Amino acid sequence: MQIQPSDLGLIARVATLGKRYGSGSGQVTALDDVSLGLRRGEFTAIMGPSGSGKSTLMHIMAGLDTPSSGQVWLGDTEITSLPDSALTVLRRRRVGFIFQSFNLVPTLDVRGNVLLPFELDGRKPSLDERMWIEELYEVLGLKSRLGHRPHELSGGQQQRVAIARALATRPDLVFADEPTGNLDSRTGREVLGLLAGASAGYGQSIAMVTHDPIAASHADRILYLADGRIVRDAGRSTPEEIASFMLSMETAA
Amino acid sequence: MRARLKDQIPTLLVALLAGTFGVLLLHVTGMLAVAIAADSVTGDSDTVALMLPVVAWVFIVIAIYVSAVVTSNTVATVVAGRTRLIALLRLIGSSARAERGRIAREGLAVGFAGAAAGILLGTLAAFGLERVAVASGVMPAVDYQYLNASVLLPAIAVVLTTWLASWVGSRRVLRVRPIEAIGQAVESDREELVRRRGRNIAAVVLIVLGTALLAAGIVVGLVRPEGVLIGLLGGILSFSGVVLAAHVVMPPVLRLVGRLFGRSPAARIAAENAVRNPERASRMTIGLVIGVTLVTTFSVTMESYRAMIHAAIEAQPEVFAGVEGMLNVTIAIFAVLIGFSALIAAIGMVNTLSLSVLQRTRELGLLRALGFEARQLRGMIVAEAAALTVAATLTGLVLGFVYGWAGAQALLGGAQGQPVFVFPGIPWAMIGILIVAAGLLTAIASIAPARRAMRVSPVVALATD
């Protein structure tokens, strides 16, 4: 009997993961033998300079891209061999996404965007889920905006809607891709506080890809990627520590 | 999410036109049948009453076929514009089938709306025509029932073909990958290339087989009149092959036409735009190619026929007295009927061009940021529309000329008892009309997109989403 990721307290795991583009002499290695596990309930930041492979890693862990070699688990499900239909259901029920450019559906109001994952699943949220969503509206300060369309909201408000949508289904893991990249620094800090709060208060597992040391300083754990490899696995750090390590990586390269 | 109504207006318009045309034509032939039956001279003959609906249906089927091709291309354009939204929904967990189903359902609803409005408009138009014809004494007053079930048939056909065409046109949805919602650079899709190879092989097989049958039809036509039926089958097969291979056929023609517009930056970019995406270029032009081919085929065949009749009149004036006038009226009526299909095709092109410009706002913003004047941008859009129209018209003329001559040869090659070579008649009037129509079409097709392009601010090129 194989040990399951959940036995180790992991919510996601990758083993000897490789991703290569092209072939022959023009081949580019985006990920090179990466193995890691994300712990349940933790807010993990994946740091690295541009081109370090951090976005590729996130895409593969979320089942959006396929690896050239290696395996990926979400919970106890090995997802590398799953057909598209199973991946679709997995994304709908067990994964949440938050992006740099918010990616809300422009024709739907706030409520419609948040309830979209349920609608795609062909069901109404249960009473328990409705109460959870009401709580999210409250915590994220969206109560008075439920009938607004995305274009009527500020960037920070749009990102709060995206967070509500990502958390609404209580997914195993929320992926956040540079969630503060399009926000001013004050609004960005608020959004990061909300993510950290979701992790600390509700035990939501979050994986955030970023190259911003301040954003990463809100995380419980920081993984550093460079040239497709994990080069450091650190605990909570100050922005200064993160920035100086990033600088040392740049100068060493 | 909720149907974006604006995207569906072109499809609605095409369904409406096809529906109106079908209903109107059936009403008019129905009226004529009543009038003929009431007439003491012709009333005894069943032939005309039987032939009228058959002829009507031939033209209805052609119109519906053209509108189906136009609609599937419009839907494909709409899907291309919605790629990011579809990718986002896929990312959040919608299945490809659900997304495709949504678009097909929109098509069904639009087909319904178009067909219902078509019944109304077609009936009103028929009623108006009847009043005018009776008042001017062309037709005696007839007791015609407007409420008859037969006019539901073209409406049902329009609903079903709009639905089917939406389904066919939305197959690109299946290739939208969730990652396209976030990724800037997207790998080329290998699946697409494989699919294309299959399509190319099918196209070549159809063209070779169709051409062989067309040749066989001509040879058989030298001795027997049935040759034209073999030729017709060959024509349908080979033309379907050309339609399938449009993404290979159209770019070289477009490139050639593009050279005619000179070397100014606007003209060069317009020419490149027209060929950059072969799939899009063929989507935008193929409807019009079909329309022009139909019109040309028909006119060339008719012109050859007319030339033959003229020769016969000169040889035996007393036998063929009065034929000339009737021939002209028949040709004119048929030309109007077939011209309607070309009109649907033209409307389809106007719509796809507008949509494709709307979808390229960012790119237009980039050109503005790089220093294009609004005026140059307008010139570019007009040149692009002209390149598409001219290329489609030229291709249609060449194809139509070949098919028209083959049809005339197969039909008339053995008509005088011995095998003869039929000289293709050149329908100058029709060519003139087509050229004027092409110019008009270019102007109409570029008004809305050009105005839109001139309003684009350079800043949109720099926006992230």
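Basis of the calculations
Residues numbered from 1 in each chain as written. Chains lettered and ligands numbered in written order. Predicted model: local features only at pLDDT ≥ 70, side-chain atom pairs only at ≥ 80, totals over all residues. Helix = DSSP H or I, 4+ residues; strand = E, 2+ residues; numbered from the N terminus. Rg over C-alpha atoms; globule rule 2.2 N^0.38 Å. Buried ≥ 20, exposed ≤ 12 C-beta atoms within 10 Å, placed from the backbone. Contact = placed C-beta atoms within 7 Å. Core = buried A, V, L, I, M, F, W, Y, C linked by C-beta atoms within 7 Å. Domains from an automatic or database assignment. Nonpolar A, V, L, I, M, F, W, Y, C, P; charged D, E, K, R; others polar. UniProt positions renumbered as here; feature names shortened; annotations may be inferred. Pairing = 2+ DSSP bridges. Axes fitted to C-alpha atoms, helices over the stretch in contact; angles between N-to-C directions. Parallel < 35°, antiparallel > 145°, perpendicular 65-115°, else oblique. Left-handed = near helix turned anticlockwise from the far one by under 90°. pLDDT = per-residue confidence, 0-100.

1. Notes on the overall build of chain A
Inference 1: When helices and strands are counted, chain A shows eight helices and ten strands.
Inference 2: For 253 residues, the compact-globule estimate of 2.2 N^0.38 gives 18 Å, and chain A sits close to it at 18 Å.
Inference 3: With 253 residues in all, chain A has 43% of them scored as buried.
Inference 4: By sequence separation, contacts in chain A at least 24 residues apart represent 69% of the contacts at least 6 residues apart.

2. Quick word on the overall build of chain B
Inference 1: Per the secondary structure count, chain B includes 14 helices and zero strands.
Inference 2: Whereas a compact globule of 465 residues would reach a radius of gyration of roughly 23 Å, chain B reaches 24 Å, a difference of no more than 12%.
Inference 3: Taking the principal axes of its C-alpha atoms as reference, chain B extends roughly 80 × 50 × 40 Å.
Inference 4: Out of the 465 residues in chain B, the part that is buried amounts to 45%.
Inference 5: Counting contacts in chain B only where the partners sit at least 6 residues apart, residues at least 24 apart contribute 86% of the total.

3. Brief notes about the nonpolar core
Inference 1: Formed by 186 residues in total, the largest nonpolar core has its most connected members in Ile46(A), Ala164(A), Met208(A), Ile344(B), Met349(B) and Ala387(B).
Inference 2: When residues of this core are assigned to their parent elements, the largest contribution, 19 residues, is made by helix α13 (residues 374-412) of chain B.
Inference 3: Of the domains in this structure, domain 1 (1-180) and domain 2 (245-460) of chain B are the two that each give at least three residues to this core.
Inference 4: Once you skip the residues sitting within four places of it in the chain, Ala164(A) turns out to touch Val114(A), Leu136(A), Tyr137(A), Leu140(A) and Leu142(A).

4. Considering the interface of chain A and chain B
Inference 1: With 20 residues of chain A at the contact, the number on the chain B side is 16 residues.
Inference 2: In the side of chain A that touches chain B, the residues fall into nine nonpolar, seven polar and four charged.

5. Observations regarding the UniProt feature "domain: ABC transporter" (unreviewed entry) in chain A
Inference 1: As annotated by UniProt and renumbered to match this structure, "domain: ABC transporter" (unreviewed entry) occupies residues 12-252 of chain A.
Inference 2: Strand forms 26% of residues 12-252 of chain A and helix 39%; the C-alpha atoms that close the span are 31 Å apart.

6. Section: the domain arrangement of chain B
All names here are of chain B.
Inference 1: One can read the domain layout of chain B as domain 1 (1-180) and domain 2 (245-460).
Inference 2: Between domain 1 and domain 2, the C-alpha centre-to-centre distance is 23 Å.
Inference 3: With 20 residues of domain 1 at the interface, the matching set in domain 2 holds 19 residues.
Inference 4: Those elements that place two or more of their residues in the side of domain 1 that touches domain 2 are α1 (5-38) and α2 (47-81).
Inference 5: In terms of residue count, the dominant contributor to the side of domain 1 that touches domain 2 is α2 (14 residues).

7. A word on the pairing of strand β1 (residues 10-21) of chain A
Moving residue by residue along a regular strand, the side chains alternate between the two faces of the sheet.
Residue and element names in this part refer to chain A.
Inference 1: Of the pairings in the sheet, the one linking β1 to strand β2 (residues 28-39) comprises eight bridges and is antiparallel in character. When the bridges of β2 are listed, leucine 10 appears paired with arginine 39.
Inference 2: Between β1 and β2, which pair antiparallel one after the other, the connecting turn spans six residues, and glycine 22 there sits at a positive phi close to 75°.
Inference 3: In this sheet, strand β4 (residues 69-74) lies alongside β1 in antiparallel orientation, the contact comprising five bridges. When the sheet's bridge partners are listed, alanine 15 is paired in β4 with glutamine 71.

8. Considerations on the sheet that holds strand β8 (residues 205-210) of chain A
All names here are of chain A.
Inference 1: The sheet built from six strands is open, its strands ordered β6-β7-β8-β3-β9-β10 with mixed pairing. Sheet topology places β6 (95-98) and β10 (229-235) at the edges, where each strand pairs with a single neighbour. The average undirected angle you get between the axes of adjacent strands in this sheet is 20°.
Inference 2: Relative to β10, strand β9 (residues 221-226) runs antiparallel, the two being bridged by six bridges.

9. Comments concerning the UniProt feature "domain: ABC3 transporter permease C-terminal" (unreviewed entry) in chain B
Inference 1: Mapped onto this numbering, the UniProt entry gives "domain: ABC3 transporter permease C-terminal" (unreviewed entry) at residues 57-168 and 336-458 of chain B.
Inference 2: Helix makes up 82% of residues 57-168 of chain B and strand makes up 0%, while its end C-alpha atoms are separated by 24 Å.

10. Considering the sheet that holds strand β5 (residues 77-78) of chain A
Inference 1: Ordered by their spatial adjacency, four strands build an open sheet running β2-β1-β4-β5 (chain A), and the pairing between neighbours is antiparallel. Two strands lie at the open edges of the sheet, namely β2 and β5 of chain A, each paired on one side alone.

11. A short note on the packing of helix α7 (residues 227-244) of chain B against α13(B)
All names here are of chain B.
Inference 1: Relative to each other, α7 and α13 sit at 165°, their axes nearing to 8 Å. Judged by the angle between their axes, α7 and α13 are roughly antiparallel. The way α7 lies across α13 gives a crossing that is right-handed. Taking contact as the criterion, the partners of Gly227, Val228, Gly231, Gly235 and Val242 in α7 are, on α13, Leu399, Tyr403, Ala406, Gly407, Ala410 and Leu411.
Inference 2: For the contact of α7 with α13, a count of residues per class yields seven nonpolar, four polar and no charged.

12. Let's talk about the confidence of the model for chain B
Inference 1: Considering every residue of chain B, the mean pLDDT works out to 83; 92% of them sit at 70 or more.
Inference 2: Scored below 50 in pLDDT, residues 185-191 of chain B shows three contacts in the model against residues more than four places distant or in partner chains.

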